[in-house]
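Remarks on the overall topology
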Amino acid sequence: MTLRDIINKLLRRQSSSAKTARERLQLVLAHDRCDLSPELLDQMRREILEVVAKYVEIDLEEGAVSLETEDRMTALVANLPIKRSLMNAEADEVKTT
Amino acid sequence: MESNTRIILICSGKGGVGKTTLTANLGIALAQQGSKTAVLDADFGLRNLDLLLGLENRIIYTAQEVLEESCRLEQALVKHKQEPNLSLMPAGNPRMLDWLKPDDMQRIVSMLSEEFDYVLIDCPAGVEDGFKNAVAGAKEAIVITNPEVSAVRDADRVIGLLNSNGIKPVQLVLNRVRPKMMASQEMLAVEDVTDILALPLLGLVVEDEQVIVSTNRGEPLTLIGSKSPAAKCYSNIARRLQGEEIPLIDPSKEGSIREKFRRLMQTKIF
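Residues numbered from 1 in each chain as written. Chains lettered and ligands numbered in written order. Predicted model: local features only at pLDDT ≥ 70, side-chain atom pairs only at ≥ 80, totals over all residues. Heavy atoms only, no water.

**Let's talk about the overall build of chain B**
Along its length, chain B carries twelve helices and eight strands. What you see for chain B is a C-alpha radius of gyration of 19 Å, in line with the 18 Å of a compact globule of 270 residues. With the C-alpha coordinates aligned to their principal axes, the bounding extent of chain B is approximately 70 × 40 × 30 Å. Looking at the 270 residues of chain B, the share that counts as buried comes to 55%. (Helix = DSSP H or I, 4+ residues; strand = E, 2+ residues; numbered from the N terminus. Rg over C-alpha atoms; globule rule 2.2 N^0.38 Å. Buried < 20%, exposed > 50% of the residue type's maximum accessible area, 1.4 Å probe, protein only.)

**Details of the confidence of the model for chain A**
Averaged over every residue, the pLDDT of chain A is 78; the share at 70 or more is 84%. When pLDDT is averaged over each element of chain A, helix 2 (residues 17–34) of chain A comes out on top at 89 and helix 4 (residues 86–96) of chain A at the bottom at 58. (pLDDT = per-residue confidence, 0-100.)

**What to know about the nonpolar core**
Residue and element names in this part refer to chain B. The biggest cluster of nonpolar side chains holds 56 residues, and the ones touching the most others in it are L9, M89, L112, I121, V143 and L162. Ranked by residues supplied to this core, first place goes to helix 7 (residues 149–164) with five residues. Those residues in contact with L112 that lie beyond four places of it in its chain are A38, L40, L73, L77, M89 and V119. Membership of the second largest hydrophobic core comes to 38 residues, among which are V39, L55, L86 and L223. (Core = buried A, V, L, I, M, F, W, Y, C linked by side-chain atoms within 4.5 Å. Contact = heavy atoms within 4.5 Å.)

**A word on the packing of aromatic side chains**
The relation between two aromatic rings is expressed through the spacing of the ring centres and the mutual angle of the planes. Evaluated as defined, the whole model comprises zero aromatic pairs over all chains. Residue placement shows B:K36 over the ring face of B:F116; its charged tip is 5.2 Å from the ring centre. (Phe/Tyr/Trp six-rings, centres within 6.5 Å; stacked < 30°, edge-to-face > 60°. Lys NZ or Arg CZ within 6 Å of the ring centre and 35° of its normal.)

**Thoughts on the packing of helix 2 of chain A against helix 7 of chain B**
Direction vectors running N to C along helix 2 of chain A and helix 7 of chain B enclose 30°, while the axes themselves pass 10 Å from each other. Of the possible angle classes, the one that applies to helix 2 of chain A and helix 7 of chain B is roughly parallel. Crossing hand, helix 2 of chain A versus helix 7 of chain B: right-handed. In contact with A:A21, A:L25, A:V28, A:L29, A:D32 and A:R33 of helix 2 of chain A, helix 7 of chain B contributes B:V149, B:V152, B:R153 and B:D156. (Axes fitted to C-alpha atoms, helices over the stretch in contact; angles between N-to-C directions. Parallel < 35°, antiparallel > 145°, perpendicular 65-115°, else oblique. Left-handed = near helix turned anticlockwise from the far one by under 90°.)

**Concerning the side chain of B:S12**
All names here are of chain B. One can find S12 in the loop between strand 1 (6–11) and helix 1 (19–32). A distance of 2.5 Å separates a polar side-chain atom of S12 from the backbone oxygen of K14. Within the local environment of S12, its side chain forms a polar contact with the side chain of K19, the two groups lying 2.9 Å apart. Aside from chain neighbours lying at most four places away, what touches S12 is V17, K19, I144, D154, A155 and V158. (Polar contact = N/O pair within 3.5 Å; in protein donor to acceptor, adjacent residues only side chain to side chain.)

**Quick look at the interface of chain A and chain B**
On the side of chain B, 23 residues touch chain A, which itself brings 19 residues to the contact. Roughly 2100 Å² is buried in total at the junction of chain A and chain B, and carbon and sulfur atoms are behind 59% of that figure. A salt bridge links A:R22 to B:D192; its shortest N-O distance comes to 2.9 Å. Applying the counting rule to chain A against chain B returns seven residue pairs in polar contact (both at pLDDT 80 or more). At ten residues, helix 2 of chain A tops the list of elements feeding residues into the side of chain A that touches chain B. When the residues that make up the side of chain A that touches chain B are grouped by side-chain class, the tally is nine nonpolar, four polar and six charged. (Buried area = accessible area lost by both parts, 1.4 Å probe. Salt bridge = Lys/Arg side-chain N within 4 Å of Asp/Glu carboxyl O. Nonpolar A, V, L, I, M, F, W, Y, C, P; charged D, E, K, R; others polar.)

**Section: the sheet that holds strand 7 (residues 170–177) of chain B**
Residues and elements named next belong to chain B. Within the open sheet, the eight strands sit side by side as 3-4-2-5-1-6-7-8. Their pairing is mixed. Of all the strands in the sheet, just strand 3 (78–79) and strand 8 (201–206) have a single pairing partner and so form its edges. Examined bridge by bridge, strand 2 (residues 37–41) and strand 5 (residues 118–122) share five bridges and lie parallel to one another. Across the sheet, residue A38 finds its bridge partner in strand 5, namely V119. Set on the sheet, helix 5 (residues 102–113) makes contact with strand 1, strand 2, strand 4 (86–89) and strand 5; between it and strand 2 the angle comes to about 165°. Seen against the sheet, helix 7 touches strand 1, strand 6 (140–145) and strand 7 and runs at an angle of roughly 170° to strand 6. (Pairing = 2+ DSSP bridges.)

**Topic: helix 7 of chain B**
Across its 16 residues, helix 7 of chain B extends 23 Å between first and last C-alpha, which sits within 8% of the 22 Å expected from 1.5 Å per residue. Taken residue by residue, helix 7 of chain B has B:A151, B:V152, B:A155, B:D156, B:V158, B:I159 and B:L162 as its buried positions. Tucked into the core, helix 7 of chain B has its buried residues touching helix 2 of chain A together with strand 1, helix 6 (129–136), strand 6, strand 7 and helix 9 (190–197) of chain B. Phi turns positive, to about 70°, at B:G166, one or two residues after helix 7 of chain B. (Expected span 1.5 Å × (residues − 1).)

**Topic: the pairing of strand 8 of chain B**
All names here are of chain B. Most of strand 8 is tucked away: six of the six residues are buried. One ladder, built from four bridges, connects strand 7 with strand 8; its direction is parallel. Counted as the bridge partner of L172 is L201 from strand 8.

This is the structure in structure tokens:
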């Protein structure tokens, strides 16, 4: 965050339009470059979460799957906070019975 | 046969960002700097390069007759009277688009490369057949864009296609730059565009009313030795293309008090 951003925030002013343009471009190009529509990305996100949820208990509210792009390389980035492993959870249950 | 001719495609994806103006000015500037240069109008549908060079009344034969072998290459080439190092290969009839293939383009470019040091190909807008034909004969490319979201997005598409066609190097020209708007962060900065597109910057061209005046007259700014800002930009681009090292000036970073304040405001706090 820059000094300008902080002042803008304090004054509740809009940020500069160049910054908005940059952010919008980065997002749209990430999708253009891998030819993936937002709907398809959303479907993929749900399926990834389903698979991961088989193995570990994840925080579905906090989880994020997004496309990030840098230097013409696009990466699929998944950030999924793990609450606990389901294996351990099963083991816990075995112990208590 | 492998020649040393530099065959450069000038493309943008989006229309109206300045491809043809760049081709005309760069062609003249390279010719003035002593290189034998041909400019090839590959925009058969909407040709305009002849008009910007002021050569529209001197066209007799076009690329069409050359490809049909009803005239020789030299008969179709229009030599510029004031700058004899520059010749135009005019675009043919739009009906050519029915049969024109990438092979035809390669043929005409290889004929030109035997005669010239530089062949500049003025690419049509879009990414369809016209682009595919134009790219076929090219070895390297200049992508021109404006600091606007739509132009940058379309440039990105074109860069992807150039990469998959094995065109190298690909360099960037940023056109219609407004330094004041960049300084107040109401226009994408030069490094925003170079970062997003991940291309080396060959040069930038500032917004300049003289460009319109010169196109009205059919006399490119570089031809008339104009002292206008855009003329300087075009001739710097030509010199960099020839391998000269000319420093790039970031228009948003000139040493005013306002600029120092702006840099202070951009200091990263956390």
